[in-house]
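# Breakdown of the fold
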Amino acid sequence: MAASSSFFRSSSPSSTAVAAAASLPRNQANSQFRIPSSAPCPRLRRFPAVISCTSSTLDPAPSSNSVKPRRPADEDIRDEARRHRAASAANTLSARYVPFNAGPDSDEWYSLDETVYRSRSGGLLDVQHDMDALKNFDGAYWRDLFDSRVGKTTWPYGSGVWSKKEWVLPEIHPDDIVSAFEGNSNLFWAERFGKHLVGMNDLWVKHCGISHTGSFKDLGMTVLVSQVNRLRKLNRYPLVAVGCASTGDTSAALSAYCASADIPSIVFLPANKISMAQLVQPIANGAFVLSIDTDFDGCMKLIREVTSELPIYLANSLNSLRLEGQKTAAIEILQQFDWEVPDWVIIPGGNLGNIYALYKGFKMCQELGLVDRIPRLVCAQAANANPLYLHFKSGWGTDFKPVNATTTLASAIQIGDPVSIDRAVYALQKSNGIVEEATEEELMDAMAKADSTGMFICPHTGVALAALIKLRKSGVIGPSDRTVVVSTAHGLKFSQSKIDYHSKAIPEMASRFANPPVEVKADFGSVMDVLRNYLRDKPPK
Ligand SMILES: Cc1ncc(COP(=O)(O)O)c(C=O)c1O
Ligand SMILES: N[C@@H](CCOP(=O)(O)O)C(=O)O
């Protein structure tokens, strides 16, 4: 009885879908595309001091027992939202860019309406909210407001991201928002994996990949593309397209959100290093797809050079707007636990924006009184792409050293020089966090075991589960610790890696949990023989 070879026919990524590269002027300078001096400079706009506002300045939480009348036939959900807003006072909350982890003496800041990705000193930026204004509302107010919006179709709050609009982009007009009602993803109680495989009764998987384009990138991309939509309407300077480098998920999200807003998108992909399912997403959504003979780090370097020269807006998580959307996954996790804080959250890390985004979401909830502590964070890396793990193991002591990331089946995190390294170190230090790594065999075995308990996860989630297995074995994570594993992409995007595993086609891998199909002749006797054999060691329940 052999595995069916036809079932497991290989389909490695093709390079046929390569779009012709435009001849772009290249310049190594780190200039950023800025507002022409004749345009009014939004940086002159004052960041509001403490604002005394009442709950009437925000959209009120709808009362649960009032029945909403159906909107008139000639009104769509954007019109309806506009009518509601006209009846409420102006929004008084605001946000701006500041240098990441700037000291109290720093006076550098930028309007979100500027195109700027780096601080004056070349460091990362962060979106800073007017916390004093947000603190005019207590934790109970925010919990009730966010809870009241879940599961609705009210524009834009039906989105898990925009249901937290006041903490994301408070000033954007809802008409400018580009949303697929992303977020609100399933928090799955991993009962069987927890109890039988790691001896835990409170293990959860946050399925961020069960989403519009099949990964957590949708959470950040709705925010970034909405802001681009606003900038294009403001028309202070030309923004002809949005671009990114990608290992496959950022490009899928970017192209889908841009297509839905009719904004051109350009994606730089490392040739033959992303899955077929990921490759076809930007192609189908009409992006300009460049398949480039380099790795992700090479693509990232190129897109940074190109976006400093051309009016193309950078959509990678170097752009801190992305993290504002991604942080809502943390708020959602707390919300789904009725605002009880889990002990651990485990996140696969690559370019390292998401670990900081989740930290930021948890931290804002603590600072604004929704919860009283934050969970400990674990960042999980593939051993073949583990610069953060090595840095952690060195005690954060020496200077960070990028690595040459080698091929991993967790292909979306094959990144050796992560742009958000400083953000990740900060998040881990502030959350008493840990970094773990997983070999190819460990991550694929963990994925196969999880799938055998009813999940269908991606290899990156396999990395996170392999880290969990190690931390349970070493006793760092206890049997009753409430633990959340963040699943970052849908398993269907990575089905080739599962096919290779189950057909034992991965070199030097035992594939101990492979479950290949059985080839059998089309006659009753043969089928009965096979079934009797299979059932022989199955105990009756
Ligand atoms: C599926 C998947 N998981 C995890 C990651 C890691 O996220 P980050 O780059 O924010 O660390 C990425 C992208 O890098 C990804 O596409
Ligand atoms: N896995 C990512 C890599 C780029 O990450 P980003 O968050 O900086 O855009 C991808 O899917 O491209």
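Computed from a predicted structure; not experimentally measured. (Residues numbered from 1 in each chain as written. Chains lettered and ligands numbered in written order. Predicted model: local features only at pLDDT ≥ 70, side-chain atom pairs only at ≥ 80, totals over all residues. Heavy atoms only, no water.)

## Some remarks on the packing of aromatic side chains
Quick note on the threshold: A pair of Phe, Tyr and Trp rings is counted when the ring centres sit within 6.5 Å of each other, with Trp represented by its six-membered ring. The angle between the planes then sorts it: under 30 degrees is stacked, over 60 is edge-to-face, the rest tilted. Helix numbering and strand numbering both begin at the N terminus, where a helix is a DSSP run of H or I of at least 4 residues and a strand a DSSP run of E of at least 2. Categorising residues by exposure relies on relative accessible area from a 1.4 Å probe, with only protein chains included: less than 20% of the type maximum marks a residue as buried, more than 50% marks it as exposed, and the intermediate range marks it as partly exposed. We count a charge as sitting over a ring when the NZ of a lysine or the CZ of an arginine lies within 6 Å of the ring centre and within 35 degrees of the ring normal.
This model, assessed by the stated rule, comprises 16 aromatic pairs. Ring geometry for Phe 100 and Tyr 426: centres 5.4 Å apart, planes at 75°, overall edge-to-face. Of this pair, Phe 100 sits in the loop between β1 (95-99) and β2 (125-129) while Tyr 426 sits in helix α14 (residues 421-430), and the two are 326 residues apart along the sequence. Residue Phe 100 is classed as buried on the basis of its relative accessible area, which comes to 12%. Relative accessible area serves as the criterion here: at 22%, Tyr 426 is assigned to the partly exposed category. Summarising the aromatic geometry, the rings of Tyr 356 and Tyr 359 are spaced 6.2 Å apart at their centres and angled 35° between planes, so their arrangement reads as tilted. Here Tyr 356 pairs with Tyr 359, and both are found in helix α12 (residues 353-367), just three residues apart, close to one helical turn. The exposure classification of Tyr 356 matches that of Tyr 359, with both residues buried. Aromatic rings pair up to connect Phe 137, Tyr 141, Trp 142, Phe 146 and Trp 167 into one cluster. Here the guanidinium or amino end of Arg 149 rests over the ring plane of Tyr 157, the centre of that ring lying 3.8 Å away.

## Brief notes about the UniProt feature "modified residue: N6-(pyridoxal phosphate)lysine" (unreviewed entry) in the chain
Operational definition: UniProt positions are given in the numbering used here, feature names are shortened, and annotations may be inferred rather than shown by experiment. A contact between two residues is defined here by any heavy atoms of the two lying within 4.5 Å.
Following the UniProt record, one finds the feature "modified residue: N6-(pyridoxal phosphate)lysine" (unreviewed entry) at Lys 217. One can find Lys 217 in helix α6 (residues 217-234). Judged by relative accessible area, Lys 217 falls into the buried class, the value being 16%. Sequence-distant contacts of Lys 217, that is, excluding residues within four places in its chain, are made with Asp 249, Thr 250, Ala 253 and Arg 322.

## Points about the pairing of strand β11 (residues 434-438)
Going by this rule: Strand pairing is assigned whenever DSSP identifies at least 2 bridges connecting the two strands.
The buried fraction of β11 is high, at five of five residues. The two faces of β11 match: Ile 434, Glu 436 and Ala 438 on one face and Val 435 and Glu 437 on the other face are all buried. The sheet contact formed by strand β10 (residues 376-382) and β11 spans five bridges and is parallel. Each bridged residue has a counterpart across the sheet, and for Val 378 the counterpart in β11 is Ile 434.

## Brief notes about the pattern of salt bridges
To be explicit about the condition: Within this document, salt bridges are pairs made up of a side-chain nitrogen of Lys or Arg and a carboxyl oxygen of Asp or Glu, the two lying within 4 Å of each other.
The final tally for this structure, using the stated rule, is 18 salt bridges. Its salt-bridge partner being Asp 126, residue Lys 360 comes within 3.1 Å of it at the nearest N-O pair. In this pair, Lys 360 sits in helix α12 while Asp 126 sits in strand β2, placing the two residues 234 residues apart along the sequence. Under the relative-accessibility criterion, Lys 360 is labelled buried at 8%.

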